[in-house]
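Here is how the chains run, residue by residue.
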Amino acid sequence: MKYFLQRIAFYLFTAWAAITLNFFIPRLVPGDPVQSLIAKFRGQLSTEAINSLYVLFGLDDDKGLWAQYIDYWKQLFQGDLGLSFTFFPSPVSQIISDALPWTVLLVGITTVISFLIGTSLGVLAGWRRGSWTDGLLPVTTFFSSVPYFWLGIIAIYLLTGPDSFFPSSGGFDSALIPAWDQYFIPSALQHSLLPALTILISSVSGWILSMRNMMVTVSSEDYITVAHAKGLSERRVAVSYAARNALLPNISGFALSLGFIVGGTLLVEIVFSYPGLGFILLQALGAKDYPLMQGIFLVITISVLVANLVADLAYLLLDPRTRKDG
Amino acid sequence: MEPVLEIRNLNVDYGLGDRAVHAVRDVNLTLHRGEVLGLAGESGSGKSTLAYGLTRLLAPPGVISGGEVIYHPEQGDPYDVLGLSDNALRAFRWAETAIVFQGAMNSLNPVHKISTQLTDVLKAHDPKMSDHSRKARAREMLKLVGISPDRMDAYPHQLSGGMRQRVMIGMALILQPQVVIMDEPTTALDVVMQRQILGQLIELRERLGFSVVFITHDLSLLVEFSNRIAIMYGGRIVEEAPAATIYRDALHPYSRGLLSSFPALRGARRELTGIPGSPPDLAGMPSGCSFHPRCPKAFEPCPTHIPVLGRPGTPDGAARSVACWLHPTEQPVG
């Protein structure tokens, strides 16, 4: 329990540090949103217009960084992330909560499926080393070294087109209004298929490889020989002795990859113009939209931290050696 | 004495074909009911491979290339362990022949409680046994090896090395096997703990009546704890005799070399000499008697002819056997 509280305290500290950095970094980037608007309009803005833009964006008062920092925390606790510059006057929290489900559903479900499939195949390949499953390895090595977005571009090039089943971009048919009905859901599924497959193919290989290698390592442990000598069934030795122990490093890898759901597949969303968080982040970056960037980074930070915490807890649960006061 | 395990012409190779390494060659050995048979030799002499071979636990590329391992159950006809089907082999393992392995530290799975690891063997061999009686049996075994039964829910990392090895001994005896193979069971422990555990084991053996194959490179332990000793060199058994006979009057120069490489606790002071040279490379075994390059007494037939294991012409020759040209035999063993 003491260990647990220590972890929580550690994560709270990390969250504070991350949020503070999150506040400062965009302000260290040269230029500001008004400057980028001026550039957009190629000097066709008058001085009054520029001034009113500063007022509009709330960048007019000469508050010091420290005062801005205090304000930032106050607003954060009220769930107020400010107004977006790009999607003015929508509040950032609104934009994020619209985009987040797309990302979480697409990448989240894909990550879980990829982990389950990859780990099971890895167990099989590691346990039956030397059988046909070894033929999978060169293929998986190839795919695990291919970047997601490149695979996405190739998939769009090869599989989409006017007559193709696969749409090349978007999260749903633009003629439909998002709703939980029989028109919208199939369309959303159809649109998510290609990005999901892209992520699946390139991420499943990593799970297969790491699980197989751990299985091979664990298989030569003495306790596996003992388990065989005890006359336990092949299945019990493979699952409860070998896979159970080989799984441990993969569990933390999985928890971390859950943390990267939000930020990790940004490029896939960009390639497929998928209406998730990554796509929004791209637009925010292009427009120097501080509030939106900060909001998205906040979500990414928090999800990574939560995933780390989950990994710590899962480890406590699965590996008795990490329980200090067990 | 009636035999419980007979090893006949056992050959174990690592690898296949021409490049195979012959780790165990033409081994003939009989374990009798209730006895402690010691198996000694340097590292790489094939003693552990022999133990893994006769229980069919060899990891690839180890293969049994010939021979028989005849097991005599308490009731019923003897059978060849090497010919058992997978299911029959699983039922045979642990129930008839249990093993205590060298790695006292790594023989237990770190993520399972010791109660789980003690009871899963009962579950595998007797699925009808109730959960409650399985737990009771596991507790009983812990008590038998001198561990408080309230450590049932401990994980391996919470036990000391000595306790872990005791848990392994308790686990080995849980199905009341006829044969317990001990593969360097105390190598990882300190001398005090070694003695304590072996003493306890011998006491348990007298009480429960199982036979022990005790594998070690420490001949001094064998002289004290075993009834008979077989000495292995280069994959072959070179001498086999009652423990006291080996100690007093070893015939093979290699056995004598092993004996003079440790000090005696009692008796006259002797000079420690050791054996010159190093163990042979199994992949490039010397011709003839594989010990001849290191043997102080090698003479004319040694480099060319392999001596067979057989009864020597000495007065006590009926109870022992040796494979050495100094003691040519008329009665080969096996």
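Here goes a summary of the coordinates provided. Note that the structure is predicted; figures quoted are calculated from it, not measured.

### Focus on the packing of helix 7 (residues 148–159) of chain A against helix 8 (residues 184–219) of chain A
Residues and elements named next belong to chain A.
Phase 1 of the analysis: With their axes 9 Å apart at the nearest point, helix 7 and helix 8 run at an angle of 135° to one another. When the axis of helix 7 is compared with that of helix 8, the two are oblique. Here helix 7 runs over helix 8; the crossing is right-handed. Here Tyr148, Leu151, Gly152, Ala155 and Leu159 of helix 7 lie close against helix 8, whose contacting residues are Leu194, Pro195, Thr198, Ile199, Ile201 and Ser202.

### Section: the pairing of strand 1 (residues 3–14) of chain B
Phase 1 of the analysis: Sheet topology places strand 1 of chain B next to strand 2 (residues 21–32) of chain B; eight bridges connect them, and they run antiparallel. Paired with Glu6(B) across the two strands is Thr30(B), which belongs to strand 2 of chain B.

### Thoughts on the environment of Lys123(B)
Residues and elements named next belong to chain B.
Phase 1 of the analysis: With respect to the secondary-structure elements, Lys123 resides in helix 3 (residues 114–125).
Phase 2 of the analysis: The exposure class assigned to Lys123 is partly exposed, which follows from the 16 C-beta atoms found within 10 Å.
Phase 3 of the analysis: Sequence separation of Lys123 and Arg134 is 11 residues, and the distance between their C-alpha atoms is 7.8 Å.

### Concerning the interface of chain A and chain B
Phase 1 of the analysis: Residue-level contacts link 18 residues of chain A with 22 residues of chain B.
Phase 2 of the analysis: Residue assignment for the side of chain A that touches chain B shows that the elements contributing at least two residues are helix 9 (222–229) and helix 10 (234–259) of chain A.
Phase 3 of the analysis: In terms of residue count, helix 9 of chain A provides more of the side of chain A that touches chain B than any other element does, six residues in total.
Phase 4 of the analysis: Within the side of chain A that touches chain B, the residues separate by chemical class into six nonpolar, five polar and seven charged.

### Comments concerning the sheet that holds strand 1 of chain B
Paired through backbone hydrogen bonds, the strands of a sheet run either parallel or antiparallel to each other.
Phase 1 of the analysis: Taken together, four strands build an open sheet; the order of strands is 2-1-4-5 (chain B) and the sheet is antiparallel. Only two strands of the sheet have a single neighbouring strand rather than two, namely strand 2 and strand 5 (79–80) of chain B.

### Considering helix 5 (residues 92–127) of chain A
Phase 1 of the analysis: Taking 1.5 Å per residue, 36 residues should reach 52 Å; helix 5 of chain A reaches 49 Å between its end C-alpha atoms and fits that length.
Phase 2 of the analysis: For helix 5 of chain A, the principal kink sits at Ala99(A) and spans about 30°; a proline, Pro101(A), occurs within the next four residues.

### Describing unusual backbone geometry
Residue and element names in this part refer to chain B.
Phase 1 of the analysis: The step from Pro60 to Pro61 runs through a cis peptide bond, and the omega angle for that step is 10°.
Phase 2 of the analysis: Relative to the elements of secondary structure, Pro61 occurs in the loop between helix 1 (47–54) and strand 4 (62–71).
Phase 3 of the analysis: In this model, Trp94 sits at a positive phi of 70°, which is unusual for a non-glycine residue.
Phase 4 of the analysis: In this fold, Trp94 is placed in the loop between helix 2 (86–92) and strand 6 (97–100).
Phase 5 of the analysis: Exposure remark for Trp94: the 25 C-beta atoms within 10 Å place this residue in the buried category.
Phase 6 of the analysis: A positive phi angle is found at Gln176, which is not glycine, with a value near 50°.
Phase 7 of the analysis: With respect to the helices and strands, Gln176 occurs in the loop between helix 5 (161–173) and strand 7 (179–183).

### Focus: the packing of helix 5 of chain A against helix 8 of chain A
When two helices pack together, you describe them by how their axes are tilted relative to each other and by the distance separating the axes.
Residues and elements named next belong to chain A.
Phase 1 of the analysis: With their axes 6 Å apart at the nearest point, helix 5 and helix 8 run at an angle of 35° to one another. Our pair here, helix 5 against helix 8, has a crossing hand that is right-handed.
Phase 2 of the analysis: Each residue belonging to the contact of helix 5 with helix 8 can be placed in one class, and the counts come to 19 nonpolar, 11 polar and one charged.

What counts and what doesn't
- Residues numbered from 1 in each chain as written.
- Chains lettered and ligands numbered in written order.
- Predicted model: local features only at pLDDT ≥ 70, side-chain atom pairs only at ≥ 80, totals over all residues.
- Axes fitted to C-alpha atoms, helices over the stretch in contact; angles between N-to-C directions.
- Helix = DSSP H or I, 4+ residues; strand = E, 2+ residues; numbered from the N terminus.
- Parallel < 35°, antiparallel > 145°, perpendicular 65-115°, else oblique.
- Left-handed = near helix turned anticlockwise from the far one by under 90°.
- Contact = placed C-beta atoms within 7 Å.
- Pairing = 2+ DSSP bridges.
- Buried ≥ 20, exposed ≤ 12 C-beta atoms within 10 Å, placed from the backbone.
- Nonpolar A, V, L, I, M, F, W, Y, C, P; charged D, E, K, R; others polar.
- Expected span 1.5 Å × (residues − 1).
- Bend = angle between axes of the 7 residues up to and from the residue.

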